[in-house]
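One letter stands for each residue in the lines below.
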Amino acid sequence: MDENQGHSPIQAGDIVYVMVRNPHAQDVANIQEAAVVRDPKGAGDLSLFLYETHYPMNEEIAVYRTEEEAEQAYQYYFGFSGEGVSHG
């Protein structure tokens, strides 16, 4: 999901923030910085480069332009601050 909120469209070269859940503990998540890049497998598609891996940009991933927007969403969904988050 693209959380543009009045921003220009996300494009290759942008740095964005996403919430990543721990696969071993679904109630644990943190905010990660990710790079928007051209998908090496898709014709002109964009992907997120995170943890040395390409992830497709689709509606299953909430993408935020700023760390502050990601923090607000984190607080809304999890009810507490995501401070101390790690950035890739």
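Residues numbered from 1 in each chain as written. Predicted model: local features only at pLDDT ≥ 70, side-chain atom pairs only at ≥ 80, totals over all residues. Heavy atoms only, no water.

## Looking at the environment of Val28
Along the polypeptide, Val28 turns up in strand β3 (residues 25-38). A relative accessible area of 39% places Val28 in the partly exposed class. Through-space distance from the C-alpha of Val28 to that of Phe78 is 9.0 Å; in sequence the pair is 50 residues apart. For Val28, the contacting residues outside a window of four places in its chain are Val20, Arg21 and Asn22. (Helix = DSSP H or I, 4+ residues; strand = E, 2+ residues; numbered from the N terminus. Buried < 20%, exposed > 50% of the residue type's maximum accessible area, 1.4 Å probe, protein only. Contact = heavy atoms within 4.5 Å.)

## Side note on the pairing of β3
A regular strand places its side chains so that they alternate between the two faces of the sheet. As paired strands, strand β2 (residues 15-22) and β3 are joined by eight bridges and run antiparallel to one another. Paired with Val18 across the two strands is Gln32, which belongs to β3. The antiparallel hairpin formed by β2 and β3 contains two residues in its connecting segment. In this sheet, strand β4 (residues 46-50) lies alongside β3 in antiparallel orientation, the contact comprising four bridges. Counted as the bridge partner of Val36 is Leu48 from β4. (Pairing = 2+ DSSP bridges.)

## Some remarks on the pattern of salt bridges
Following the criterion strictly, the structure yields one salt bridge and no others. Of the charged contacts, one joins Arg65 and Asp14 as a salt bridge, the two residues approaching to 3.5 Å between their closest N and O atoms. Residue Arg65 is located in the loop between β6 (63-64) and α1 (67-78), and its partner Asp14 is located in the loop between β1 (2-3) and β2; the two are separated by 51 residues in the primary sequence. Judged on exposure class, the residue Arg65 and its partner Asp14 are both buried. (Salt bridge = Lys/Arg side-chain N within 4 Å of Asp/Glu carboxyl O.)

## Thoughts on the nonpolar core
Counting nine residues, the largest nonpolar core consists of Tyr17, Ala29, Ile31, Ala62, Tyr64, Ala70, Ala73, Tyr74 and Phe78. Those elements that place two or more of their residues in this core are β3 and α1. Looking at this core, the element that brings in the most residues is α1, giving four residues. Setting aside residues no more than four positions away along its own chain, Phe78 makes contact with Met19, Arg21, Asp27 and Ala29. Formed by eight residues, the second largest nonpolar core is a distinct cluster that contains Ile10, Val18, Val36 and Val63. (Core = buried A, V, L, I, M, F, W, Y, C linked by side-chain atoms within 4.5 Å.)

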